[in-house]
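# Structure assessment
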Amino acid sequence: MGSWMGHLAGLGTVAAATATAKCTDKTSSSSRMQWNRRATPDFLEQCNSLFEEKILPMKDAACRTVHEMTRPMTIATNNNNNNNRRMQQERKEAWFHAARICIIGILTYKTLFRSNFMSLSPSSYTARGSFARKGIPIPKSSSSSIIPSSFNYATKSQREKLHQIGSRFGCHTCGSRLLFRQVRLPNTKKMIFHGDHIPPVSVAKQINNRWYNRKLGRTVAQRFYPQCTDCSNKQGGLLSRAVNAGHRNLHAAGGGSESHFHGWRMRVGHLTGGLVAVVSTVGVGNDDARWLGSSEEEEAEVLVHSSRDRIRSIQYWLEDLLYDAKRMMSNVWNGR
């Protein structure tokens with residue numbers, strides 16, 4: 001969805017920039033007025049002229065282009081006449097174009113930026129966080145007691161490994177890598193990431209204490225994940241209040257409205273929509289012969305068709321790349 005919105009925004013930006021260039025070419029140097037920034041009638045007239053000559057054409061061009069891109073997607077086809085078949089084909093092409101944009105965005109997000117889809121959802125304080133990548137398994141106790149020895153804190157070697165994981169992937173709850181703290185204390189031996197039990201100790205005790213787990217002698221498996229001090233303190237406060245309130249499902253105590261929302265934290269994966277917009281819109285229409293001498297209504301159509309042709313060419317390039325990889329693997333498998 002973000003890739004599609006970025007594509008529309010990029011298409012509108014290209015159309016607005018083109019309209020601005022044409023307005024500048026139409027304005028002769030003799031008609032350009034000298035700006036007087038004081039609040040005088042001349043200044044207000046200049047502002048009104050700028051709005052009518054530059055801003056309104058930019059807005060109209062962007063709206064026309066975006067409307068031309070999305071208009072076929074809302075076409076309702078009921079009859080089987082020739083005109084309706086043409087509209088149906090146009091609608092099909094528009095939806096295929098949107099699907100191509102979304103697939104390219106997913107591939108860019110996952111392969112180029114190496115981002116994880118779990119990072120899009122809020123993080124629960126009582127479960128595996130959205131930024132959890134690697135964890136350290138905690139060996140279960142050999143005894144079948146309700147409180148196994150794995151509820152202890154992480155050992156020194158485990159904390160060192162957790163510090164390395166946290167420095168690379170960040171806190172598993174909020175995603176912070178604590179870079180400024182590491183720069184400020186480069187030679188300190190104190191580990192800035194805590195070893196967080198997942199599920200937390202109180203949650204694991206409650207699960208292990210259920211009657212069917214006691215009958216079967218089962219204990220929940222836990223792993224250590226790196227967690228920053230702020231998230232650790234927040235988790236401890238939430239679980240303490242939930243335990244004191246007699247919460248019957250501690251596993252859900254840190255989710256919902258209590259979960260950590262990290263949507264405003266800028267990460268490299270957020271650049272996916274912008275990159276898709278640049279690839280799919282910048283320079284479209286320049287090499288199209290229909291662009292020369294086209295009217296305002298035709299410009300939007302030329303931009304849309306040129307953008308679709310570029311995305312279709314990217315699809316063909318990816319298909320050829322996959323075909324070559326498949327043929328190479330087949331040759332290796334057959335020993336050629």
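In the block above lies the structure referred to throughout.
Residues numbered from 1 in each chain as written. Predicted model: local features only at pLDDT ≥ 70, side-chain atom pairs only at ≥ 80, totals over all residues. Heavy atoms only, no water.

## Regarding the packing of aromatic side chains
Enumeration over the complete set of coordinates arrives at one aromatic pair. The interplanar angle of 85° and the centroid separation of 5.6 Å between the aromatic rings of Trp211 and Tyr212 together place this pair among those described as edge-to-face. Overall, Tyr212 belongs to the partly exposed group, its relative accessible area being 31%. (Phe/Tyr/Trp six-rings, centres within 6.5 Å; stacked < 30°, edge-to-face > 60°. Buried < 20%, exposed > 50% of the residue type's maximum accessible area, 1.4 Å probe, protein only.)

## Things to note about the nonpolar core
In terms of nonpolar packing, the biggest core is built from 13 residues, with Trp4, Met69, Met73, Ile101, Ile104 and Ile311 touching the most fellow members. Elements supplying a minimum of two residues to this core: helix 1 (2–26), helix 3 (82–112) and helix 10 (296–334). Element by element, the count of residues in this core is highest for helix 3, at four residues. Excluding its chain neighbours within four sequence positions, the residues that come into contact with Ile311 are His97, Arg100, Ile101, Ile104 and Ser280. With nine residues, the next largest nonpolar core counts Tyr125, Cys174, Cys228 and Leu238 among its residues. (Core = buried A, V, L, I, M, F, W, Y, C linked by side-chain atoms within 4.5 Å. Helix = DSSP H or I, 4+ residues; strand = E, 2+ residues; numbered from the N terminus. Contact = heavy atoms within 4.5 Å.)

## Side note on helix 8 (residues 229–244)
Residues three or four positions apart in an α-helix share a direction because the helix packs 3.6 residues into each turn. For helix 8, with 16 residues, the first-to-last C-alpha span of 22 Å sits near the 22 Å given by 1.5 Å per residue. Every buried residue belonging to helix 8 is among Cys231, Gln235, Leu238, Leu239 and Ala242, and all of these are buried. End-on view of helix 8: buried residues confined to an arc of 95°, all on one side of the axis. The exposed set on the far side of helix 8, more than 90 degrees from its buried face, consists of Asp230, Asn233, Arg241 and Asn244. Looking one or two residues beyond helix 8, the residue adopting positive phi is Gly246, at roughly 70°. (Expected span 1.5 Å × (residues − 1). Arc of directions from axis to C-beta.)

## Brief notes about the side chain of Thr173
You can see Thr173 is positioned in the loop between helix 4 (156–169) and helix 5 (179–184). For Thr173, a relative accessible area of 0% corresponds to the buried category. A polar side-chain atom of Thr173 sits 3.2 Å from a polar atom in the side chain of Gln227. Each residue touching Thr173, except ones within four places of it in the same chain, is listed here: Ser123, Tyr125, Gly129, Phe131, Gln227, Cys231, His260 and His262. (Polar contact = N/O pair within 3.5 Å; in protein donor to acceptor, adjacent residues only side chain to side chain.)

## Some remarks on the pairing of strand 3 (residues 223–227)
Of all five residues in strand 3, four are buried, a share of seventy percent or more. Note: strand 1 (residues 136–137) against strand 3, two bridges, orientation antiparallel. From the neighbouring strand, Ile136 faces strand 3, where its bridge partner is Phe224. One ladder, built from five bridges, connects strand 2 (residues 194–198) with strand 3; its direction is antiparallel. Its bridge partner being in strand 3, His197 is matched across the sheet by Phe224. (Pairing = 2+ DSSP bridges.)

## Topic: the sheet that holds strand 1
As summarised here, the arrangement of the three strands in space is 1-3-2, forming an open sheet in which the pairing is antiparallel. With one partner strand each, in any of the chains shown, strand 1 and strand 2 form the two edges of the open sheet. Helix-sheet contacts for helix 8 involve strand 2 and strand 3, and the interaxial angle to strand 3 is about 120°. (Axes fitted to C-alpha atoms, helices over the stretch in contact; angles between N-to-C directions.)

By themselves, these figures tell us nothing about what the structure is for.
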